[in-house]
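Here's the letter readout for the chains.
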Amino acid sequence: MVVGRVQVSRRGFLKLAGFVGASTVMGNYRTEVVEALTQAFTSSQAIILDGQACEGCAISLLQGADPDLYTAVSLGVSLDFLIPISPETGRTAAEKIENFIEGEKRPKVLAVEGSVPMAEDGKYQTYWDYRHEKRRPFKDLLKEAAEAADVIIAIGTTAAYGGIPRGHAPKYNYESKSSYGLEENRNPTGAVGVGDALAMMGVDLSGKPVPAVVNLPSCPVHPDHFFLTVVDVLFGHIPELDSLGRPKAFYGRLIHDQCQFRGFFDRGEFLTSFNQYSGNINDPYPTSPDEKGAGCFLLLGCKGPVTYNDCPSRGWNCRAESVSWPNLSGGPCTGCAYPGFPDGKSEAFYVPLTEEITRLPKPPEGPIPPEIIKERAEELTVGIAAGTAIAGGIYTYSAKKENEEE
Amino acid sequence: MAAKTITLDPMTRLEGALQITVTVEDGRVTDAWSVAPMFRGIENILLGRDPRDAPVITSRVCGVCHTVHRQASTRAIENAFGLTDQIPEGAKMLRNLECGIEYIYDHALHTIALAGPDYSYNLLKQDGVDMSGWPNSYIETVKGFNFLTGKIYKEAVAQQRKLHQCLALLGGRGVFNHSWVPGGVPQAITVKLAAQLLTRVLSVQAWVDQTLVPAVVTLYKIMTEELGAHTFGQGLNDFLSYGFFDDIENPGGLLMPGGVYSGGADHGYSEANVGETIAHSWYSPDMGNQDEPVYIGDEPTPKPDVSAIDMDNPVPQDPDGKYSWAKSTRYKLNGEWLPFEVGPLARLVINRKTIGNPLDLRIDENGNPSDTAANTLNRVIARIQETLLLLGSPSLGIEGWVPQWIMELEPKAPTALPHSPNIMKDGELRGVGNWEAPRGALGHWVTIKDRKIALYNIIAATSWNASPRDHLGQRGPFEAALIDVPVPDDSNGNPILTNIGRTIRSFDPCLACTVHVFSKDNRKNYRLKVK
């Protein structure tokens, strides 16, 4: 299939997304994405399982512009265990997952919403199994489905890394990318992400076409992330993943680096009360605490400087109809796509990231002397940004410098 | 005819995991068990945290009714810090508005996309219902409810998206939006915002007026004439509501106040009478709430006990056995702990004298108009009545609260306290946040010690409705409503279970909210984390 001048079936939607920007792909190539789903589902199977889920991801998937979850279902994604909308109930619903496990159609895509409770042999989530006439832990069902699947996608932070059910666990271990000793953490049910759960149960993913769980963190998942990933893997592309299993096309940049309020940060213009934001990003920084205006949310707790996601450039709830993302509504980013959410650096949502503030160059006090502006302008590596910076009398620092500090 | 035990797991088209087990004898349900099989423990995860984080974390209790959890939690936190009276009007209006928008989306989506397929052409045909004599309007309506392909089904999905866009305009994104912060709402009121909201809300209003209301009127005829949905699902017929929507003109008051309706009489509601027991729940009794329910504000989070789970049977053979992660929520009325039904029907029954009765189609089991009777039909109708009350309907002459609220928004009005988010105070503080979720009464109770959460308790709507039997053996509302539901046999002698699904879904269950408590040893945590 040809999308524009790019051969999508060879490049893949995610590659394309990395190339021209993901929202452009969803915005301009909807027809092709839907067509791809239609073609793919004639010979494949997909199913969504619910672990310790709140159904927020399911509701979020309904908010995709096109395709949405219903389009995908009508094209063949079987959602028999996606409890909110499955048409079947009881035994007939349970049979659908058996068909997934035993069926012949390939590739098989398994998507999971919610974390997996591993403590107490998984008994914090059980279901009645009609085949064995027994109550079984959810983790056993997940294991069976994962062994049968070709591609496994963890939808949302909870499925990817454990999320809120794993709350108050020790810091995420970036080195081992895996589990936290169940004895020592306060995570009540031993909740872990799908990747960790499968590793703990000894499920070997190395022989699969996509040899790792594809993690799509954020709480809830962004519908575009899910549908683009599904389309891509159904076409046989292996998404380019980072060390935390995230597709680079979506999670390659910090929210902070794409934020529309970045200029305010660079000028050191920080809001200090929730009553200050005027609702219009084009307004100037308020000169007194009682006045309304625009500014950076860092001091109100924004976690954009530590969170990798594309919210500012993609937007939520149908970007085509110019709807928002959290910072544009004045409610600072809580770092919900951060792997340790709701702990680690994303903890204490309304407390500033002090460590990060000290790491970044300090904003100057008072008016900026002209020689500093000149000096800074020479350091800038991006020409357009430099022009804007000088025009606005901006104190800023180069992208190059920030990279060195990483 | 011998009694047969039938288990439905998963009960689908609802939020969260639910197992229903019934015994059926002579074509009627004779006993029922409501099982919540999944468990997370949100309250324990909150212990020791910054109290201002509670609204963000508890909104994840449920991805469907997240704004109301955020609202109840914010109220509890602001109540604990003594700020309830200081919250600016602008913030209260935005919060009312956002909750109102959520109820509309939730009610419409539930009625059409979740409960709708129970009344669809495909399902009726599968159940062998003879539709040959039905008028065309009936056939057209039930075809509209067909899963995925029905006309009204598809439209409902598209309409709810507009309402999520409203939530995104107010709080950055539809699901888990950011518009509740400690001390107010961060979004400023602008003319542009009001215009963007109004456009979307009025377009949904037009759809409800022209499509949903006529469909529901036809559905009412089908449910009464053909399916007899007013003759089953009565259940307790006792209702409870905490009340909701801040009355801006009368600070401290609510537009729909709470109350209790029991044994045909009205009573006042006090949060001091809400309690829980774990008599039939998978927790160990060493926390002391095995028998008499314990007041929720003081209740230590009980210790879960996986050894109590019967892995060989859908529900235990022993009548005293434990069978759910949900606890039994009860209200103490005249010295007795009683179960209560909550939800839109409960709210309308309790407020029947002041709110009126738009699109009055509710009837009792004999077919006589009734504004207090409970049954499977009336719960469906009440959900639509409340939608009309909130959204308005030009054809029925109802103005609707939500469009009015949008027009009353005052640009540039303060929406948060000037010192927010620095609202914390020292000492031991307690706060209560009572509100209503789309599916019924929702309460958060918090104790804060030295600026950390020391105790947190949530009772969600479905905690009431899906509750198991209690210490006295009294069934919960789901279980009670299932008694006597007709389960006829099909031509092959297999039971048709559709009426069970219809009755359970008439409550709009949300299990994600229901099971919320866990602690390895809460008291230990209490000591460890909070000096």
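For the structure itself, look to the data block above.
Calculation rules
Residues numbered from 1 in each chain as written. Chains lettered and ligands numbered in written order. Predicted model: local features only at pLDDT ≥ 70, side-chain atom pairs only at ≥ 80, totals over all residues. Heavy atoms only, no water. Helix = DSSP H or I, 4+ residues; strand = E, 2+ residues; numbered from the N terminus. Rg over C-alpha atoms; globule rule 2.2 N^0.38 Å. Buried < 20%, exposed > 50% of the residue type's maximum accessible area, 1.4 Å probe, protein only. Contact = heavy atoms within 4.5 Å. Areas by Shrake-Rupley, 256 points an atom, 1.4 Å probe, with all protein chains shown as cover. Pairing = 2+ DSSP bridges. Axes fitted to C-alpha atoms, helices over the stretch in contact; angles between N-to-C directions. Core = buried A, V, L, I, M, F, W, Y, C linked by side-chain atoms within 4.5 Å.

1. So, the overall build of chain B
On a plain count of helices and strands, chain B comes out with 17 helices and 15 strands. Over its C-alpha atoms chain B spans a radius of gyration of 23 Å, differing by no more than 12% from the 24 Å that the globule rule assigns to 531 residues. Each of the 531 residues in chain B was classed as buried or not, and the buried ones make up 70%. Expressed as a percentage of contacts within chain B between residues at least 6 apart in sequence, the contacts between residues at least 24 apart total 70%.

2. Quick look at the overall build of chain A
If you tally the helices and strands in chain A, you get 19 helices and 10 strands. Within the span of chain A, comprising 406 residues, buried residues form 61% of the whole. Contacts in chain A between residues far apart in sequence, at least 24 positions, make up 71% of those at least 6 positions apart. Carbon together with sulfur atoms contributes 51% to the accessible area of chain A, which is approximately 15000 Å² in total.

3. Notes on the sheet that holds strand 6 (residues 265-267) of chain B
Residue and element names in this part refer to chain B. Read across the open sheet, the three strands follow the order 4-5-6; overall the sheet is antiparallel. Edge positions in the open sheet fall to strand 4 (239-246) and strand 6, since each of these has one partner strand only. In this sheet, adjacent strand axes meet at a mean angle of 30° when their direction is disregarded. Across three bridges, the pairing between strand 5 (residues 254-262) and strand 6 is antiparallel. From the neighbouring strand, Y261 faces strand 6, where its bridge partner is D266.

4. Considering the nonpolar core
Membership of the largest hydrophobic core comes to 171 residues, with the highest contact counts inside it found for I20, V22, V29, F245, V402, L482 and I500 of chain B. Ranked by residues supplied to this core, first place goes to helix 8 (residues 191-226) of chain B with 16 residues. Counting residues in hydrophobic clusters, the runner-up holds 31 residues, among them L49, L110, V112 and L198 of chain A.

Shape is all these values report; function is a separate question.
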